[in-house]
Amino acid sequence: MGAAMKCTCILVFLVILGCAGFNGVIGAGECGKSSPDREAFKLAPCAMAAQDPNADVSSQCCMQVKKLGQNPSCLCAVMLSNVAKSSGIKPDVAITIPKRCNLADRPVGYKCGAYTLP
């Protein structure tokens, strides 16, 4: 896929996240005081890797996944959020990113909806 197409996909992903990210959050949820939709902004570098299991996973993506992975319920909520799905993210592919990043401390076996982190 060409560089222009990748940039377009990421831009579309960010615009969708931006529109959804302005919803207010009351109380604390899976991601503390931030909503999973707002946290999804941090995973923008993962857009292509979350759609294509053969796409390279960038170091920026792995860095963000590692940070979010410290709270597996937040990482799960972000990967399965409506915003992620409406952006073309495939949950069955997104769930493989921590493994594809070779994160030694990833939450292996964590149940994430109908999926299990490999």
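Residues numbered from 1 in each chain as written. Predicted model: local features only at pLDDT ≥ 70, side-chain atom pairs only at ≥ 80, totals over all residues. Heavy atoms only, no water.

A separate point is the overall build of the protein. Helices and strands together make up the secondary structure of the protein, namely seven helices and two strands. Listed by position from the N terminus, the elements making up the protein come as α-α-α-α-α-α-α-β-β. Across the 118 residues that make up the protein, the buried fraction comes to 43%. Sequence-distant contacts, at least 24 apart, represent 58% of the contacts inside the protein between residues at least 6 apart. Accessible surface, the protein as shown: approximately 6400 Å² in total, 59% of it carbon and sulfur. (Helix = DSSP H or I, 4+ residues; strand = E, 2+ residues; numbered from the N terminus. Buried < 20%, exposed > 50% of the residue type's maximum accessible area, 1.4 Å probe, protein only. Contact = heavy atoms within 4.5 Å. Areas by Shrake-Rupley, 256 points an atom, 1.4 Å probe, with all protein chains shown as cover.)

Bringing the state of the cysteines into the picture now. Applying the stated criterion across every chain, the model contains four disulfides. A sulfur-sulfur separation of 2.0 Å characterises the disulfide bridge that pairs cysteine 31 with cysteine 74. Of note, the bridge from cysteine 31 to cysteine 74 carries an S-S torsion of about 100 degrees and is right-handed in sense. In this pair, cysteine 31 is assigned in the loop between helix H1 (3–21) and helix H2 (36–39) and cysteine 74 in helix H4 (residues 72–79), connecting sequence segments 43 residues apart. Judged by its relative accessible area of 12%, cysteine 31 is buried. The residue that forms a disulfide with cysteine 76 is cysteine 112, at a sulfur-sulfur distance of 2.0 Å. (Disulfide = S-S within 2.5 Å.)

Moving on, we come to the confidence of the model for the protein. On average, residues of the protein score 83 in pLDDT, and 76% of them reach the 70 mark or higher. Looking over the protein, one finds the lowest element-wise mean pLDDT in H1, namely 50, and the highest in helix H7 (residues 97–100), namely 96. Counting contacts from residues 14–25, a segment whose pLDDT is below 50, to residues more than four positions away or on other chains yields 19 contacts. (pLDDT = per-residue confidence, 0-100.)

A separate point is unusual backbone geometry. In this model, asparagine 102 sits at a positive phi of 55 degrees, which is unusual for a non-glycine residue. Summarising the element assignment, asparagine 102 is placed in the loop between H7 and strand S1 (111–112). A relative accessible area of 66% places asparagine 102 in the exposed class.

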